[in-house]
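In case you want the letters, here they are:
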Amino acid sequence: MRIVLLGGPGSGKGTQAKMLTEKIGVPQISTGDIFRAALKEGTPMGLKAKTYMDKGELVPDDVVIGVVEERLSKPDLDKGYMLDGFPRTLPQAEALDNILNARQTSIDHAVLVDVPDEELVARLSGRRTCRNSDCGAMYHVMFNPPKKEGICDKCGGELYQRDDDSEATIRERLTVYNNQTAPLIDYYETKGLLRRVKGVGPINEIFAAIEKVLA
Ligand code: AP5
Ligand code: MG
Ligand code: ZN
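Criteria and cut-off values
- Residues numbered from 1 in each chain as written.
- Chains lettered and ligands numbered in written order.
- Predicted model: local features only at pLDDT ≥ 70, side-chain atom pairs only at ≥ 80, totals over all residues.
- Heavy atoms only, no water.
- Axes fitted to C-alpha atoms, helices over the stretch in contact; angles between N-to-C directions.
- Helix = DSSP H or I, 4+ residues; strand = E, 2+ residues; numbered from the N terminus.
- Contact = heavy atoms within 4.5 Å.
- Nonpolar A, V, L, I, M, F, W, Y, C, P; charged D, E, K, R; others polar.
- Near = heavy atom within 4 Å.
- Polar contact = N/O pair within 3.5 Å; in protein donor to acceptor, adjacent residues only side chain to side chain.
- Areas by Shrake-Rupley, 256 points an atom, 1.4 Å probe, with all protein chains shown as cover.
- Expected span 1.5 Å × (residues − 1).
- Buried < 20%, exposed > 50% of the residue type's maximum accessible area, 1.4 Å probe, protein only.
- Arc of directions from axis to C-beta.
- Donors = N, O, S within 2.8 Å, 3.2 Å for Na, K, Ca; no water.
- Tetrahedral: all angles 85-135°; square planar, octahedral: opposite > 155°, others 65-115°.
- Phe/Tyr/Trp six-rings, centres within 6.5 Å; stacked < 30°, edge-to-face > 60°.
- Lys NZ or Arg CZ within 6 Å of the ring centre and 35° of its normal.
- Pairing = 2+ DSSP bridges.

Q: Even after reading the chapter, I still don't get the packing of helix α7 (residues 167-181) against helix α8 (residues 183-190), so can you show me in this structure?
A: In a packed pair of helices, the relevant descriptors are the angle between the two axes and the axis-to-axis distance. Contact geometry of α7 with α8 gives a least axis separation of 5 Å together with a crossing angle of 35 degrees. For the pair α7 and α8, contact is made by Y177, N178, N179, Q180 and T181 and by P183, L184 and I185, respectively. Considering only residue class, the contact of α7 with α8 consists of four nonpolar, four polar and no charged.

Okay, structure coming up:
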């Protein structure tokens with residue numbers, strides 16, 4: 001099953017993708033996570049991506065498309081995958097279709113996790129992420145706190161606050177989402193692939209709603 005996860009910054013794409021991976025064994029491909037891992041290793045691509053991410057802007061399409069094309073050629077994807085945070089622009093969506101067409105495959109579902117802007121700001125300002133990149137679990141100081149403050153429940157790793165989760169950068173990411181990424185909702189609707197899920201409420205209920213649209 002090949003799934004695109006659509007939704008604003010903080011809508012819960014990563015949270016839901018991790019739960020889906022555990023349940024159906026299909027890998028999560030998060031372009032944001034790939035850039036953060038590249039930055040940690042200090043690669044030129046990671047350093048370049050950081051200059052955009054810190055401002056809340058999108059990394060240029062050619063860079064992102066190259067990264068995804070490379071990831072999609074790895075051998076662990078025969079059961080499918082979930083794309084989390086890609087595509088984010090119309091040229092990215094078209095490039096993805098071309099890559100898949102060339103392999104005689106296509107996307108099965110584009111799941112929109114629908115959350116109002118005000119809620120997104122509250123979520124991102126309280127988010128904490130596990131520093132262990134093999135884990136990367138997400139928490140929220142109020143909505144989904146770890147058992148022990150600052151420590152990951154799953155792996156014991158240290159929790160940190162992402163550099164782009166400051167109030168000003170969050171606002172910019174929202175604007176960028178609404179201008180550049182939201183048009184993809186129509187794009188997938190026209191193709192008959194859009195599955196809209198209400199992204200507000202308990203995390204488990206949202207997960208159940210996503211499982212339902214994928215069934
Ligand atoms: P990326 O890492 O993809 O960030 P994002 O899209 O802004 O999304 P987030 O990861 O912030 O949110 P999420 O939807 O995963 O929510 P989460 O589950 O963490 O991208 C970062 C940057 O990289 C971009 O700004 C851009 O610069 C660059 N980039 C990446 N991809 C790109 C591309 N394709 N093209 C160009 N540039 C690209 O949840 C958020 C919080 O809410 C957590 O604290 C969580 O615990 C909490 N939460 C989750 N669900 C609920 C719930 N139901 N109720 C209450 N709280 C909840
Ligand atoms: Mg994420
Ligand atoms: Zn962890």
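Next comes the rest of the description.
Q: Just checking my understanding: could you explain the site of ligand 1 for this structure?
A: Near ligand 1 there are 35 residues, and of these T15, E57, R88, R127 and R173 occur at the shortest range. Backbone polar atom of G14 to an oxygen atom of ligand 1: 2.9 Å apart, as the coordinates give it. Expressed as a share of its isolated accessible area of 1,000 Å², the protein-covered part of ligand 1 is 97%. Of all the elements in the fold, those that place two or more residues in the shell around ligand 1 are α1 (13-24), α2 (31-41), α6 (117-125), β6 (138-140) and α9 (203-214). A breakdown of the residues in the shell around ligand 1 according to their chemical character gives 13 nonpolar, 13 polar and nine charged.

Q: Please clarify how α9 should be interpreted in this entry.
A: A turn of α-helix holds 3.6 residues, and therefore any two residues three or four places apart point the same way. Relative to the 16 Å expected for twelve residues at 1.5 Å per residue, α9 spans 17 Å between its end C-alpha atoms, a close match to the ideal helical length. Three or more residues of α9 are buried, namely I206, F207, I210 and L214. Axial view of α9: buried residues confined to an arc of 105 degrees, hence all on one face. Opposite its buried face, α9 presents the exposed residues N204, E205 and K212, each directed more than 90 degrees away. The elements touched by buried residues of α9 are β1 (2-6), α1, β4 (109-114) and β8 (194-198).

Q: Explain the environment of R195 to me, please; I cannot follow it from the model alone.
A: With respect to the helices and strands, the residue R195 is situated in strand β8. Sequence-wise, R195 and Y81 are 114 residues apart; in three dimensions their C-alpha atoms are separated by 16 Å. Excluding anything up to four places from it in sequence, R195 contacts D108, H109, A110, V111, L112 and V213.

Q: Before we go on, may I ask you to explain helix α3 (residues 44-53) in this structure?
A: Among all positions in α3, only G46, A49 and M53 are buried. Buried residues of α3 fall within an arc of 65 degrees about the axis and therefore sit on the same side. Close packing links the buried residues of α3 with α2 and α7.

Q: Any chance you could explain the coordination of the zinc ion (ligand 3) here in plain terms?
A: Distances from the zinc ion (ligand 3) to its protein donors, namely C130 (SG), C135 (SG), C152 (SG) and C155 (SG), fall within the range 2.3 to 2.4 Å. Taken together, the four donor atoms surrounding the zinc ion (ligand 3) define angles of 95 to 115 degrees at the centre, an arrangement classified as tetrahedral. Read from N- to C-terminus, the donor residues coordinating the zinc ion (ligand 3) fall into the pattern C-x4-C-x16-C-x2-C. With a relative accessible area of 17%, C135 lands in the buried category.

Q: Explanation requested: the packing of aromatic side chains in the structure shown.
A: To describe a pair of aromatic rings, one takes the distance between the centres and the angle between the planes. As enumerated under the stated definition, the model contains one aromatic pair in all. The lysine or arginine in question, K55, covers the ring of Y52, its NZ or CZ lying 6.0 Å from the ring centre.

Q: Could you clarify how one ought to interpret the sheet that holds strand β7 (residues 159-160) in this entry?
A: In any sheet, the strands associate via hydrogen bonds between backbone groups, in a parallel or an antiparallel arrangement. Sheet architecture is open: three strands sit in the order β6-β5-β7, paired in antiparallel fashion. Edge positions in the sheet fall to β6 and β7, since each of these pairs with one other strand and no more. The pairing of strand β5 (residues 127-130) with β6 spans three bridges and is classified as antiparallel. When the bridges of β6 are listed, R127 appears paired with H140.

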